[in-house]
Every structure is written in structure tokens, then in C-alpha cells.
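# Chain and residue survey
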Amino acid sequence: DSGVTQTPKHLITATGQRVTLRCSPRSGDLSVYWYQQSLDQGLQFLIQYYNGEERAKGNILERFSAQQFPDLHSELNLSSLELGDSALYFCASSPQVGTGVGLRANEQFFGPGTRLTVL
Amino acid sequence: EDKVVQSPLSLVVHEGDTVTLNCSYEVTNFRSLLWYKQEKKAPTFLFMLTSSGIEKKSGRLSSILDKKELSSILNITATQTGDSAIYLCAVEAISGTYKYIFGTGTRLKVLA
């Protein structure tokens, strides 16, 4: 158990709908990352938040958005869902301790994932 | 375009064998390279390699970063069935913002 929790575990919805995935990082971790893993694409980095602010952005679609709240939990919102959005969505957290510009990535602890199925 | 390529895609070995997994990368402003092991679900961290730490070892696993060749290898000696997993390589780079690029992984199966 990594200490990172994700809800829900499974989610089945229809095309065009909107869903929210939730992640609670390990106690004390300030940084949260979101990843998408599908069979044909492998693990894709979506976005990272550090202490409430967006820190890094990857291949995240405009239909997707995320935020990190003052209590450090994070939500990933997926809207106008398409069949191709079906995937396993992972959240990870890390302490992300650093100074000034150029924060170094520390070990990322992954949650168990949310499996999204779009019908 | 930034990319991370892992090879082989898949391999099957017998218990006790030694395996070497490869990861090569082409990224702008390399920061670090990370290895993960993914069994049934979530990846678990193995090593992080940076310019100041190009070799890491933990038990039967070891990894080396070759900044000149833009590559890394992950060695597993005396393999066990519990080593069966997908091994992921990821590179942290900075291009305006930080980003993490993952390879597609190497699937390792260790037979008893």
C-alpha cells in the first residue's frame, strides 16, 4: 500500500458524459501527478500539481482539467467523454522537496488507479 | 519530439538467469531517469538516476545511466518468478515546464 488513495475504483459511463476522479496523496506529500494508461498508449503523463499550483503539463486534452485543493487532494475532471478515453487513470504523489527554480522529482508513489470505461 | 524507447518489448527467461533491460531517450533538457516495476496494477519505484548519481544498486537490481549514449540499463541478476512484471523507464525533462515521458515498458516473464 503506497498511502495514495484513489476513488472510485471503477467507473462506467457513456460517451458525452463528465466524470471526476479523486486522489488523496500520502500524508505530507505536496505534489500530485496524474497519468493515463491505456493498452495501446502505455503510461502517459497528464499533469502535475505542487502545493495547489500547476507545475508540469503533459499530453492532457483540453476536455480534461485538474486541480489541487488546499487540503492537497486532487481531482481530475474528464468531460465530453469519448470511447478512446477508456483507460486506467493513476494518481501519484511525491514530497517534491527542492529549492528555487529546478525542483527535483523525488520518488513518486502511485495509487491503485481508477479504471474508466466509456460505453 | 521527446521520446523514450525501451527494449526488448518482452522477454522470457528461466529462474536464475540474468537480464538486461534497455532504455534510450531523446529529450530536451534531461533532468533525471526513473525505473519503475509494474506488476498487477500501480507502478512501484525502483531507481532514480541523475547526472550526479549515474549508478544505483539495490539487492539483485542495478541500474546505470550513460549520459553520453543517452541511455540506461537495468540489470536483474539471479532472476526469480517474483521479478515477472513490466519494467517502465521514464525521463524527467524540462521544456518551459517539467514533464515526464514514459517508455512503453519491457514485459519480463521469469519461468520456474
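You'll find the structure just up there.
Just so it is clear, the model here is predicted, and its values are computed rather than measured. (Residues numbered from 1 in each chain as written. Chains lettered and ligands numbered in written order. Predicted model: local features only at pLDDT ≥ 70, side-chain atom pairs only at ≥ 80, totals over all residues. Heavy atoms only, no water.)

A few words on the state of the cysteines. Tallied over the full model, the rule gives two disulfides over all chains. Between Cys23 of chain A and Cys91 of chain A runs a disulfide, and the two sulfur atoms are separated by 1.8 Å. A torsion of -50 degrees about the S-S bond marks the disulfide between Cys23 of chain A and Cys91 of chain A as left-handed. You can see Cys23 of chain A sitting in strand β3 (residues 19-24) and its partner Cys91 of chain A sitting in strand β9 (residues 87-94), a full 68 residues away along the chain. Each of the two residues, Cys23 of chain A as well as Cys91 of chain A, counts as buried. A sulfur-sulfur distance of 1.9 Å marks the disulfide that ties Cys23 of chain B to Cys89 of chain B. (Disulfide = S-S within 2.5 Å. Helix = DSSP H or I, 4+ residues; strand = E, 2+ residues; numbered from the N terminus. Buried < 20%, exposed > 50% of the residue type's maximum accessible area, 1.4 Å probe, protein only.)

All names here are of chain A. Reading across the sheet, the four strands line up as β1-β3-β8-β7 and stay open at both edges, with antiparallel pairing between neighbours. Looking at strand neighbours, the two that pair on one side only are β1 (5-7) and β7 (64-68), the edges of this open sheet. Between one strand and the next, the sheet's axes are offset by a mean angle of 15 degrees, whatever the strand orientation. Pairing analysis gives five bridges linking β7 to strand β8 (residues 74-78), with the strands arranged antiparallel. Its bridge partner lying in β8, Ala66 is registered against Leu76. (Pairing = 2+ DSSP bridges. Axes fitted to C-alpha atoms, helices over the stretch in contact; angles between N-to-C directions.)

Many analyses report the size of an interface as the accessible area lost when the parts associate. Facing 22 residues of chain A, the contacting portion of chain B comprises 17 residues. Buried surface at the junction of chain A and chain B, summed over both partners, amounts to about 1800 Å²; 57% is from carbon and sulfur atoms. The interface formed by chain A and chain B holds zero salt bridges in total. In this structure, the connection of chain A to chain B is made through one residue pair in polar contact (both at pLDDT 80 or more). Elements supplying a minimum of two residues to the side of chain A that touches chain B: β4 (31-38), β5 (42-50), β6 (53-57) and β9 of chain A. (Contact = heavy atoms within 4.5 Å. Buried area = accessible area lost by both parts, 1.4 Å probe. Salt bridge = Lys/Arg side-chain N within 4 Å of Asp/Glu carboxyl O. Polar contact = N/O pair within 3.5 Å; in protein donor to acceptor, adjacent residues only side chain to side chain.)

It is worth spelling out the nonpolar core at this point. Residue and element names in this part refer to chain B. Residues Tyr25, Leu33, Trp35 and Leu108 are the most contacted members of the largest nonpolar core, which totals 25 residues. The element contributing the most residues to this core is strand β9 (residues 85-95), with five residues. Excluding residues that lie within four positions of it along the chain, Leu33 makes contacts with Cys23, Tyr25, Phe47, Met48, Leu49, Leu65, Ser72, Cys89, Ala90 and Val91. (Core = buried A, V, L, I, M, F, W, Y, C linked by side-chain atoms within 4.5 Å.)

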